[in-house]
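Per-entry structural report
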Amino acid sequence: MSKRFNRPSRSAVIPLAAVSALVAGATLTGCGQQRDSSVYTVLNSSTDETYHRWDAQAMARCGRRLGVTVEQQSVPAAQVMTKALRMASSRSLPDIVQFDASEMPTFAEAGGLVDLRTLGLGTEDIPRGIVNFGSYKGTYYGAARSVNTLALFYNKDVLHQAGLKVPATWAELRETAKKLTRGKRYGLALSAGGAEDGVFQFTPFMWSNGGDETRLDGPKVVQALDYWKSLLKDGSLSKSTVGWTQADVNDQFMAGNAAMMINGPWQVETLNTDKSLHWGIARIPVPRAGEKSVGPLGGAVLTVPNTGDRRRERMAGRIVACLAGEKEQLTYALNSWMVPANEKAAAVWRKRVPELDALADQVAAARSRTARLGAGWTGVSLALQSAFQSALTGQSSQAALQRAQQRATSGN
């Protein structure tokens, strides 16, 4: 599971006041430790052996180029924030932290990160949406090496045998899923679980329909949740969807228990282990033909903590620039099946993995979950998670989302 760290992480919810207090203590008093001037540390979530090895190789290449040693400390994705805070409290912050992009605003809001532009990192070849993905209140704190989003995966053989085309609209998806539901096989699988996985999967339906996270009980958000309920009512979704993670969804698809699924590129490595499974991907269907499919940007960003040691921060910035450079991005993306953040690298990537071209199209229109609410996204996410559980087990979407809006606003 840890190798899928680019998907939404299940992070502990830590009050901003607590983060601010710990980070302020670290930045006001400096690093607090004598460090080897030639050794730099990266805290990340690359606990899977393959990802850890790929990162080690990239860090070794960049270290040789810059004349330093770059080492990584890897913890599970859900522990990166708490680990960084513990290190801040002991004034031993690493030189670079790779945060899930949805967590980064919390650390930035507390004053714990350095503006990467002041360290010489530019954004000329990065799409605006991805720049925003790594920014907070207009300041560029996080450089993405690669990004991901969701897409519609489908079993080519099942659709072909049924004489059906890949759905492009909500109406087509509902009809196709209904026709493909047979016996133990459901037409569609998705995650509506009470965690960030489910919220990540709901955003394409909410955003493509014109809904907004600033008003969870708005009519467009209600319609999107009603659409999920209609799939469940049709029998096209398993009732277990309320408890499934995205990994569970992939397992169901690979087992032949779902003809289609909503999922991300972190599943490709696993999908390719079954040579008998012929799958394809397409953009997530939209409410009406011709509209833009707007999904969530996922992934992690490399940040430089504000330790007060400007010399080390400048070198850390150079290391980030190398790791997030065009060449290293392409290598990393080809290993991990993610989409490079750099436009030039992404153009090469499209040619190298044409089967994932639709994913690059989906990324081009994708949005950051924290773009509008920053650190406030966490409260919205928790409120939506509760709403899914209520609405998909009997409560009206309107009532569930009204309660979600109240929770998001009050913080309770």
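Here the structure is a predicted model, which means the values were calculated and not measured. (Residues numbered from 1 in each chain as written. Predicted model: local features only at pLDDT ≥ 70, side-chain atom pairs only at ≥ 80, totals over all residues. Heavy atoms only, no water.)

**Side note on the sheet that holds strand S9 (residues 258-263)**
- Strand order in this open sheet of four strands is S8-S9-S7-S10, and the pairing throughout is mixed. Two strands in the sheet have a free side with no partner beyond their single neighbour: strand S8 (186-189) and strand S10 (279-282). The average undirected angle you get between the axes of adjacent strands in this sheet is 20°.
- Pairing analysis gives four bridges linking strand S7 (residues 151-155) to S9, with the strands arranged antiparallel. Across the sheet, Phe153 pairs through a bridge with Met261, a residue of S9. (Pairing = 2+ DSSP bridges. Helix = DSSP H or I, 4+ residues; strand = E, 2+ residues; numbered from the N terminus. Axes fitted to C-alpha atoms, helices over the stretch in contact; angles between N-to-C directions.)

**Regarding the state of the cysteines**
- In total, this model carries one disulfide according to the counting rule given.
- Note that Cys62 is cross-linked by a disulfide to Cys322, the S-S spacing being 2.0 Å. For the disulfide bridge between Cys62 and Cys322, the dihedral angle about the S-S bond is near -85°, and by the sign convention the bridge is left-handed. Highlighted residues: Cys62 in helix H2 (residues 49-66) and Cys322 in helix H12 (residues 310-323), separated in sequence by 260 residues.
- Judged by its relative accessible area of 0%, Cys62 is buried. (Disulfide = S-S within 2.5 Å. Buried < 20%, exposed > 50% of the residue type's maximum accessible area, 1.4 Å probe, protein only.)

**Quick word on helix H10 (residues 246-254)**
- Turning to H10, its buried residues are Gln246, Ala247, Val249, Asn250 and Phe253. When H10 is viewed along its axis, its buried side chains cluster within an angular range of 155° and face the same direction.
- On the buried face of H10, the contacting elements are S7, S8, helix H8 (196-208), S9, helix H11 (268-271) and S10.
- The backbone nitrogen of Ala247 lies 3.3 Å from a side-chain oxygen of the residue at the head of H10, namely Thr245. (Arc of directions from axis to C-beta. Contact = heavy atoms within 4.5 Å. Polar contact = N/O pair within 3.5 Å; in protein donor to acceptor, adjacent residues only side chain to side chain.)

**Comments concerning the packing of aromatic side chains**
- Under the defined criterion, the tally for this structure stands at 12 aromatic pairs.
- Ring centres of Trp170 and Tyr227 lie 4.5 Å apart, and the angle between their planes is 20°; on these two criteria the pair is classed as stacked. Of the two residues, Trp170 is situated in helix H7 (residues 170-180) and Tyr227 in helix H9 (residues 219-234); the sequence distance between them amounts to 57 residues.
- Judged by its relative accessible area of 9%, Trp170 is buried.
- On the numbers, 5.3 Å between centres and 50° between planes, the contact of Trp228 with Phe388 is tilted. Note that Trp228 is positioned in helix H9 and Phe388 in helix H16 (residues 377-391), a separation of 160 residues in sequence. The exposure classification of Trp228 matches that of Phe388, with both residues buried.
- By the ring-pair criterion, three or more aromatic residues cluster together here, those being Trp170, Phe202, Phe205, Tyr227, Trp228 and Phe388.
- The ring of Tyr40 carries Arg312 above its face, with NZ or CZ at 4.1 Å from the centroid.
- It is Arg367 that lies over the ring of Trp207; its NZ or CZ is 4.0 Å from the centre. (Phe/Tyr/Trp six-rings, centres within 6.5 Å; stacked < 30°, edge-to-face > 60°. Lys NZ or Arg CZ within 6 Å of the ring centre and 35° of its normal.)

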